[in-house]
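What follows is the residue order along each chain.
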Amino acid sequence: MRRFVSLFAVLITLSTFALMGQYDARQMPSYLKYDYKPPKAVFGKARVFVRGDRNINGPKLDIPEYILSEDGFVIKNISGTQGAQDETWVTYNPQNPSNIVAASNNTRYNHAGVRYKMAAYYTKDAGQTWKVSTTPSNMGLYIQRPASGGMTNFDPGLAFDTEGNVYYSYGFAQIGDDDASNDNGVFVCKSTDGGQTWLDPIPVALEANGTSNQAFHDRYSIACDINEDSPYKDRVYVTWQRFKVNSGVMFSYTKDGNESWSPIIKIPGTTYSTQAPMPAVGPNGEVYVAWRQSATNQTTNMFIQKSTDGGNTWWHSYKKMLNIGNLGTVNSESHRNVLADKQQIRISSNPYIAVDNSTGPRRGWVYMVTAGKDESGKPHIVLTKSTDGGNTWSNKQVIDDNKNGTDVFFPSITVDPVTGMVTIFYYSSQNDENNKGVDGYVAVSFDGNTFNVFRLTPQTWYLDNPQDVSWQGPGNYYWGDYTGITSYNATAYPVFWMPNSPTGTYYSTTCYIAEVSALPLPPSNFTFVNTPEEPTKVILNWDDPTKNRLGGSLNNFKILVYKGSDKIAEVDKGVETYTDNSAVEGEVFAYSLKTKTDVGIESDLVSVTGIAGGSTEPKAPTDISTKIADNGIVVTWKNPSEHIDGTELHDLSKIEIYADEQLAKTVSLPDIQAGEFTTTLVELTPGKFYNISLVAVGTRNGKDTKSVPSDTVFNYAGAPLSELNENFDDAQNLIATYVGGKPQWGLTNKIAKSSPNSFTDSPDGKYPNKAFNYAIFAPVVISSEKPTLSWDHIATVYNGDYAIVSVSKDLQNWVDIASFDMNSHEEWTDDVMTSQWIDEHRTLMDYAGDTLYIRLLLTSNILKNGDGWYVDNLRLDANPNSVEDLNNLLAGINISVSPNPVRDNANIDLHIANSGDVSVDVYNMLGQNLSNVSSGYLTPGLHNFKYDVTELPSGVYTIVVRVDGIAK
């Protein structure tokens, strides 16, 4: 229906006040007045949203390019700009179905500033991208702008012919204050480039006399005969309603591509009380025109006429399709039917028709959909159909699944010319019990009888504010009057409008298009069988689909098999397997499948890939261990037995051994066997640590394929040391040391026990949070003559951080033999320069005769950072026997109890610097052992125990700690 976007409105004077209100009370919206200033909320709320494919300047919407519904429908914003867009139409190009063109009323282009244009939205890539175009200006063509008043375009319609031309029908009219004489007309523009540009409008009907008794033309629709076998192929038909003079449904056609139009005729049986005519074309060129006409104050009839000679002659009498109850309620001011819960937007039961032009079993069926109330007064979307060329019509069938009695309205229908699929779009309020919310729905049928209903929009939006609609006079509120839909090749494209947010206004509505695809599903569970024993043979297996993407059943189809991009087979339904014997061993293969129905509709592809004979990439070697040797490192590992895809590793040819990422040795067949252990000596420069990793190599058809590197292990190359005496003063001749973590251990001359250097975990400052910095020294043989590890050190390490000395026989398992922080010795402070060196000793007698690695480790938490750990004069010497040595051992035991005095449970914190067998016992003042709190082997560090004192009488008690029998 006509919507106003200019300066003044038109008032159509019908024969009675009641009829005027019932049909089209064309009042002037407030926002079209000369002095009107739009509310800030209308245009001020939108933010800039840049879209690169838009060639129209102006504000953009803060909305996504597309929305994905819960059922997987893709909904795209095709207009990209705000500004009251409604009453949609859409059609596809039969010459190139990837070219789709849509249209709507659009206030953005319908004013004097842009000289009155209609908006079009087009795609040439099946909806992947959309662009905007406009028809040429109507200003100064045929109808002149009145001295007092304005002008407006309205009621878009679109149709393609078989040559790829698209025709755009619409109305253009003056709007004057007195409404006595308004020039107006029906116009059609043509595009020869798929909607990208448009030729000047050609009038189909024109009233430009400036007289008060001239007719007014309204509610235009268009159709084109695109049936190849029709004698009227490419004839374009336009229908509309004429008021005031010889009122009724008008009809005209062009058969020369919009160069000229036939004389206007009135469809037999129509009068001033008819409205909303719509044409459609059948498979033999028959033309149908449907319209509505009031039957009583509460019901409306739907009628249809038919021509079998291209619109030259018509049935002697029209046919009645159905009678339906009027939607909504009658507004007392406008006398129009309105939806009271939706700001009283005007509503009518308009017919929307479509014909099955497919080659299927329902070819020629005619469908009509409308919205109205049933006998109980509940609104529904109802369908009737004719299987005999419009002569008789079925009983009305409810299409929607709305059981709430809330509003449903503005249905549109399409029949796919390839498959005969019927798709209906409509608005529904079924998701809002207050009847103010609106969603888009689609109903789809594959047999013309049963329908599956889907919610299209993922979010409800609401007509719950006066700004959500357009005021067009007392009791006349407008939100649009019809929607559009088209379909091709099992995919329907409904075009509709909704605000840019659930709470958006009428002035921010945007055009959207949804892709409702009923393409067949592809095969499922697609797998292949390919073995090393038969590497050139690939057996494909799958499960046939039974449904399309909208739940319809599949009948006859084939499965198309592709190798790479080449189709190699078509497999009948039910076979579900295919064997290819042309694979090339060791090379990648890729197979794809798709479903193709007997009418040529194809599914998406599903694919599998593999390597003939299995993957060529071996798994990496595992279980790597190393031992030192005088002239290198002895490496032992397990060879892989499989490729990375789990197939047997039948082509293992060699193992590459890397030292510090440099190839150090290659071991080849027959010295290696898949799945077995191998040991070899890797000759390396002695006196250094090395990181060792391995790579497996498979060889097939003369091509090598390497595995990923194995886990890395490190070890020392060369004979172990027999003596350890490092004072860190000769920087060029230090014993081999492997350092890890950041910062790395290094020399410093900041402080030393023996000048000039000591060794520290953080040579450039304080140690960091979460540190784990270590230094591992070259292996040394522990002798019984010198079994004591001794060193001088200062640990400026805060409580909760630890300086740890550890030993290991294999670089894998470490035993902590001492742990320190700055509380370990009273000579240490938080400043290394004011601290004193401590000569520390730990016996390694238990390791006499073993080769040991010695590690210095600094760990820290996330709190304070100290200066660090300074070590000097690391050595192996004789056992400590002095009282001083014993005192040093006792100094490594610290114990505290909290709270003190204690009431219920005592918290005992024990810090030990040396690992060993530890017991914690409680004694009374008489020296009696009351309880053993803990006993067992403990490593250096902080340990916590809880002791229940609720059974003890009040008094003083003593806690005794013993480490390897030494008590404190």
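Now for a description of the structure that goes with this document. (Residues numbered from 1 in each chain as written. Predicted model: local features only at pLDDT ≥ 70, side-chain atom pairs only at ≥ 80, totals over all residues. Heavy atoms only, no water.)

### Things to note about the environment of Leu-724
Inspection of the secondary structure puts Leu-724 in the loop between strand S50 (713-717) and strand S51 (725-726). Assessed through its relative accessible area of 2%, Leu-724 is described here as buried. In contact with Leu-724, other than residues within four places in its own chain, are Ile-735, Val-780, Leu-789, Ile-854, Leu-874, Arg-875 and Leu-876. (Helix = DSSP H or I, 4+ residues; strand = E, 2+ residues; numbered from the N terminus. Buried < 20%, exposed > 50% of the residue type's maximum accessible area, 1.4 Å probe, protein only. Contact = heavy atoms within 4.5 Å.)

### Looking at empty space enclosed by the protein
A probe as big as a water molecule, rolled over the atoms, marks out the empty space that is left. On inspection of all chains with the given rule, the structure shows 5 cavities of 30 Å³ or more. Its volume calculated, the largest cavity comes out at about 90 Å³. Broken down by secondary-structure element, the contributors of at least two residues to the lining of the largest cavity are strand S23 (366-373) and strand S26 (408-415). For the lining of the largest cavity, the class distribution of residues is 6 nonpolar, 4 polar and 2 charged. (1 Å grid on protein atoms, 1.4 Å probe; cavity = no way out; pocket = protein on both sides within 12 Å on 5 of 7 lines; lining within 4 Å. Points joined across faces, edges and corners; volume = space filled by probe spheres on them. Nonpolar A, V, L, I, M, F, W, Y, C, P; charged D, E, K, R; others polar.)

### Some thoughts on the pattern of salt bridges
Tallied over the full model, the rule gives 22 salt bridges. Across the pair Lys-750 and Asp-867 runs a salt bridge, and its minimum N-O distance is 2.7 Å. With a gap of 117 residues between them, Lys-750 in the loop between strand S53 (746-748) and strand S54 (758-760) and Asp-867 in the loop between strand S61 (851-859) and strand S62 (868-877) connect regions that are remote in the sequence. On the accessibility criterion, Lys-750 (42% relative accessible area) is partly exposed. Several salt bridges share partner residues, and in doing so they unite Lys-753, Asp-792, Asp-839, Arg-875 and Asp-877 into one network. (Salt bridge = Lys/Arg side-chain N within 4 Å of Asp/Glu carboxyl O.)

### Describing the packing of aromatic side chains
Following the criterion strictly, the structure yields 49 aromatic pairs and no others. Aromatic side chains Phe-425 and Phe-496 sit 4.9 Å apart centroid to centroid with 20° between the ring planes, which places their arrangement in the stacked category. Of the two residues, Phe-425 sits in strand S27 (residues 422-428) while Phe-496 sits in strand S34 (residues 491-499), which places them 71 residues apart along the sequence. Judged by relative accessible area, which is 0%, Phe-496 ranks as buried. Note on Phe-728 and Phe-759: the rings are 4.8 Å apart at their centroids and 10° apart in plane angle, and the pair reads as stacked. (Phe/Tyr/Trp six-rings, centres within 6.5 Å; stacked < 30°, edge-to-face > 60°.)

### Describing the pairing of strand S55 (residues 772-777)
Within a regular strand, side chains alternate between the sheet's two faces. Of all 6 residues making up S55, 5 are buried, and the element is well covered by its neighbours. Here strand S52 (residues 737-740) pairs with S55 via 4 bridges, running antiparallel. Residue Gly-740 lies in a different strand from S55, and its bridge partner there is Tyr-774. With 5 bridges connecting them, S55 and S61 associate as antiparallel partners. Within the sheet, the bridge partner assigned to Phe-772 lies in S61 and is Thr-859. (Pairing = 2+ DSSP bridges.)

### Thoughts on unusual backbone geometry
The step from Leu-669 to Pro-670 runs through a cis peptide bond, and the omega angle for that step is 5°. Within the element layout of this structure, Pro-670 appears in the loop between strand S46 (662-668) and strand S47 (677-683). Pro-899 follows Ser-898 through a cis peptide bond whose omega is -10°. Positive phi, close to 55°, is recorded for Asn-701, a residue that is not glycine. You can see Asn-701 is positioned in the loop between strand S48 (688-700) and strand S49 (703-706). Asn-701 gets classed as exposed once you look at its relative accessible area, which sits at 54%. The backbone of Phe-728 sits at a positive phi, close to 65°, despite the residue not being glycine.

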